[in-house]
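Descriptive analysis of the structure
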Amino acid sequence: MKKFDVKQMMICVLALLSSRFTAGGVCPLVPAVFMTGYMSGVNRSMLFLCTIAGLLLLGPVSVLVRYGLIVLASALMVKLAERVFRKCRTVVSAGIAGTVTAGVPVLWEVLHVPKTEGILIDLLEGLFVFGFVYVMTRISYLFLEWEPSRAEIVPVAVQGQERLNEYARSFNQLARTFQQVNRFKRDFSEEELGRMHHEVTGGLCISCSHCAACWEHEYSPMYQILYRFLQSIVLGEKTNESEAELREHCQNMDEMVRQVTRVFEKAHLNMAWYNRLQENRDAIAQQLDAMAYIMEDCANNEQDVTSSQTKMAAAVRYALKEMGILCDSLRILRHSGGKLEIRMEARTGGKAYISVKEAANAISRAVNRCFLPSKDSRMLLPEKGASVCFVETSAMTAHYGVARAVREGEQVSGDSFSFLITDGGKCILCLSDGMGSGYSACKESEMVIDLIEKFMESGFRPDLALRMMNSAMVTHGENNLFSTVDLAEIDLDSGRTQFYKTGAAATFILHDQSVRWIDDTSMPVGVFMNQRPAREETILEAGDYVVMMTDGALEYLDTDNAKTTMADIILSADASGPAAFAQQILQRILELTGGRVRDDMTILTAALWNV
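Before going into details, it helps to say that this report is about the structure given with it. Everything quoted here is computed from the prediction, not taken from an experiment.

1. Considerations on the overall build of the protein
- Secondary structure summary: the protein contains 19 helices and 18 strands in total.
- Buried positions account for 47% of the 611 residues belonging to the protein.
- Taking as baseline every contact in the protein between residues at least 6 positions apart, the subset at least 24 positions apart corresponds to 71%.

So, in structure tokens, the structure goes:
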């Protein structure tokens, strides 16, 4: 600790006053307090001066000489151990202080310096100093990290945080505006029916010689007859009665029906385009809402919890000090996913370098959590010091395997898959089956997987990522891109797993020699705008397997119940590893299909194991 604060001053004051405490004619607190502060990171020069000043001001000359010698000899021996071995553990420093405290009286006796204490008192004093330093050093680390005035969690200010929050509020408001003006039309209003009525009569009846007889009389039945005819067409009802009624009063009935049909088709087309425009507005609103979410997440992604994690901070400093690493500053951050991150400015106590991975192992043992160096962290910690970062890992890990078969007559598979583990400790499995087969299907499914990967890596929730991707597919244009999506998000700490399905085949879970499946009958993505993926949640454990597959693996099994047959195949396969497991499943499927591949087949498996 380079910074000399109030708490370090308090320890120095205690060292100053320690010579006032006597027991059996000795002052055991002098070397005990000195060595405790010396090993706790207190400013060593200031600590030494305060200790000597206390002996000079508050004790006789004999005490000054004796304990001055003890303090000086202990400090030199600890410094020598740090220089030679690059570190000095607490038990070693406590042993040095205790030995020197008990040994100086022997030297005192050899030099025939008058004294009154006995050998037993000297030994007890040495044992007291040893125990005091060994126990109190760890406690002093906790005291130095304690911050009673800041027990709250402090958000970490990022560059442009307030501006990002303002942008997020603006995007949220803009999304609400789009949603408020977004009104889909399901049928025609009275006004629109009236306009259709006038368009028909204005184009046909105005040139008819009987126009005056049909329309100029106030009580002419043609108004009601034509209106009922239009209503029947709009509602999709049979028009036989309306046509017969219209034939009785209109001599150009056939042309009238053609005109009404033409006007209705044009109005219906306009309604379809209007609704498509509303769908595009809805897609824009969803994308604006997603942008607001990710901006808020970026602005408030981390929280500084150092003040509420003083016990952990003290344990980390103590563990690193034991291996020869001195922390000049230390912060503990909590990410939005709940994972902790430790950032520090640290240096080695000697000239040699120390592995950052070894430091991560020491931190993990000290706090009983698994920490690893961050991805961009340096390999070695130098004497001059550097910034290092350690991130918390998950309790479980996941590995995947994949097996694929291409449809007969095609060169590439129309299926695509993805497997990734996010920084928040989530495992993402995704499988997509493009419409059709060959290059066009492959292009579609690859685009879907690429979009989902980008959304998930950016921090979107799975449901929000699927909605964003669906809106992108709907508004893609006239290509009618439809692809199934099978997505699983696994929390590698709790095992909590959420499955999202849009038109995908069943997903199977192998647990303790039993198989269950998750199925859904929803439509593929890109069919309509307001589609919501089906979601199901379960808890997985270490040793469980998740088996995803495209519909080509199930549809052509030629059995009465394809899912039950697939469960039997999974149970009979050797689940010794995900890659071999997927290959065995595909091989047994091909045995049942007679070796034929009438549709693309992809088997994606993932296994969970404890770290």
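2. Notes on the pairing of strand β10 (residues 415–421)
- Note that β10 and strand β11 (residues 426–434) share seven bridges and pair antiparallel. Bridge pairing in β11 places D415 opposite D433.
- Between the antiparallel neighbours β10 and β11 lie four residues, among them G425 with a positive phi of about 80°.

3. Points about the packing of helix α1 (residues 6–17) against helix α3 (residues 44–58)
- At a minimum axis separation of 7 Å, α1 and α3 run at an interaxial angle of 30°. The angle between α1 and α3 falls in the class roughly parallel. Our pair here, α1 against α3, has a crossing hand that is right-handed. Along the contact surface, α1 presents I11, C12, A15, L16 and L17, while α3 presents M46, L47, C50, T51, A53, G54 and L58.

4. With respect to the packing of aromatic side chains
- Overall, the coordinates contain six aromatic pairs when judged by the stated rule.
- Grouped by ring-pair contacts, the aromatic residues F34, Y38 and F48 constitute a single cluster.

5. Re the sheet that holds β11
- Spatial strand order, β10-β11-β12-β13-β16: five strands in an open sheet with antiparallel pairing. Of all strands in the sheet, those bounded by a partner on one side alone are β10 and β16 (534–539). Each strand axis lies, on average, 10° off the axis of its neighbour in the sheet, ignoring direction.
- Alignment of β11 against strand β12 (residues 483–491), held across nine bridges, turns out to be antiparallel. Its bridge partner being in β12, I428 is matched across the sheet by E489.

6. What about helix α13 (residues 310–322)?
- The first and last C-alpha atoms of α13 sit 18 Å apart over 13 residues, in line with the 18 Å expected at 1.5 Å per residue.
- In terms of burial, α13 is largely enclosed, as 12 of its 13 residues are buried.
- Among the residues of α13, T310, M312, A313, A314, A315, V316, R317, Y318, A319, L320, K321 and E322 are the ones counted as buried.
- Downstream of α13 by a residue or two, G324 has a phi angle that is positive, lying close to 95°.

7. As for the environment of V78
- Its location among the elements puts V78 in helix α4 (residues 61–85).
- For the pair V78 and V92, spaced 14 residues apart in sequence, the C-alpha to C-alpha distance is 8.3 Å.
- Among residues more than four places away in sequence, those in contact with V78 are M35, Y38, M39, C88, S93 and I96.

8. As for the pattern of salt bridges
- Tallied over the full model, the rule gives 13 salt bridges.
- D493 is the salt-bridge partner of K339, the closest N and O atoms lying 2.0 Å from each other. Placement of K339 in the loop between β3 (325–335) and β4 (340–348) and of D493 in the loop between β12 and β13 (496–502) is noted, with a sequence separation of 154 residues between them.
- Note on K339: relative accessible area 6%, which makes it buried.
- For R496, the salt bridge identified is with E537, shortest N-O distance 2.8 Å. In this pair, R496 sits in strand β13 while E537 sits in strand β16, placing the two residues 41 residues apart along the sequence.
- Exposure remark for R496: the relative accessible area of 38% places this residue in the partly exposed category.

9. Focus: the side chain of S437
- Along the chain, S437 turns up in the loop between β11 and α15 (438–457).
- A distance of 3.2 Å separates polar atoms of two side chains, one belonging to S437 and the other to R407.
- Separated by 3.2 Å, the side chains of S437 and E410 make a polar contact.
- Residue contacts for S437: discarding those within four places in its chain leaves R407, E410 and D600.

10. Observations concerning the packing of α3 against α4
- Two elements in contact, α3 and α4, have axes separated by 9 Å at closest approach and are oriented at 165°. Of the possible angle classes, the one that applies to α3 and α4 is roughly antiparallel. Considering the relative orientation of α3 and α4, their crossing is right-handed. Residues R44, F48, T51, I52, L55 and L56 of α3 form the contact with α4, whose participating residues are V63, L64, Y67, G68, V71, L72, K79 and E82.
- A breakdown of the residues in the contact of α3 with α4 according to their chemical character gives nine nonpolar, two polar and three charged.

11. Focus on the nonpolar core
- If you look at the biggest cluster of nonpolar residues, it comprises 33 residues, and the most contacted ones within it are F34, M35, Y38, L47, Y67 and V78.
- Secondary-structure elements contributing two or more residues to this core are α1, α2 (29–39), α3, α4, α5 (90–110) and α6 (119–145).
- Among the elements that line this core, the one with the most residues is α2, at eight residues.
- Ranked by size, the runner-up nonpolar core spans 28 residues in total, among them A505, V515, A567 and M601.

12. Overview of the environment of R596
- Along the chain, R596 turns up in the loop between α19 (578–592) and β18 (601–610).
- Separated by 40 residues in sequence, R596 and Y556 have C-alpha atoms that sit 9.1 Å apart.
- Beyond its immediate sequence surroundings of up to four residues, R596 is in contact with E408, L590 and M601.

13. Notes on unusual backbone geometry
- A positive phi angle, near 60°, is found at N368, a position not held by glycine.
- Here N368 lies in the loop between α14 (356–367) and β6 (371–373).
- Looking at N368, the relative accessible area reads 73%, which means it is exposed.
- One non-glycine residue, Q513, lies in the positive phi region at around 60°.
- Along the chain, Q513 falls in the loop between β14 (507–511) and β15 (514–518).

14. Describing a nonpolar patch on the surface
- On the surface, a cluster of nonpolar side chains totalling about 550 Å² of accessible area is made up of V91, V92, F130, Y134, V135, M136 and I139.
- Elements represented by at least two residues in the nonpolar patch include exactly α5 and α6.
- With five residues, α6 is the single largest residue contributor to the nonpolar patch.
- Residue placement: F130 occurs in helix α6.

15. Let's talk about α1
- With 12 residues, α1 ought to run about 16 Å at 1.5 Å a step, and its terminal C-alpha atoms sit 16 Å apart, in line with that.
- Among the residues of α1, K7, Q8, I11, C12 and A15 are the ones counted as buried. For α1, the arc enclosing every buried residue in end-on projection is 145°, short of the 170-degree limit, so these residues lie on one face.

Calculation rules
Residues numbered from 1 in each chain as written. Predicted model: local features only at pLDDT ≥ 70, side-chain atom pairs only at ≥ 80, totals over all residues. Heavy atoms only, no water. Helix = DSSP H or I, 4+ residues; strand = E, 2+ residues; numbered from the N terminus. Buried < 20%, exposed > 50% of the residue type's maximum accessible area, 1.4 Å probe, protein only. Contact = heavy atoms within 4.5 Å. Pairing = 2+ DSSP bridges. Axes fitted to C-alpha atoms, helices over the stretch in contact; angles between N-to-C directions. Parallel < 35°, antiparallel > 145°, perpendicular 65-115°, else oblique. Left-handed = near helix turned anticlockwise from the far one by under 90°. Phe/Tyr/Trp six-rings, centres within 6.5 Å; stacked < 30°, edge-to-face > 60°. Expected span 1.5 Å × (residues − 1). Salt bridge = Lys/Arg side-chain N within 4 Å of Asp/Glu carboxyl O. Polar contact = N/O pair within 3.5 Å; in protein donor to acceptor, adjacent residues only side chain to side chain. Nonpolar A, V, L, I, M, F, W, Y, C, P; charged D, E, K, R; others polar. Core = buried A, V, L, I, M, F, W, Y, C linked by side-chain atoms within 4.5 Å. Patch = residues over 30% accessible without salt bridge, like charges linked within 9 Å, V, L, I, M, F, W, Y side chains within 5 Å. Areas by Shrake-Rupley, 256 points an atom, 1.4 Å probe, with all protein chains shown as cover. Arc of directions from axis to C-beta.

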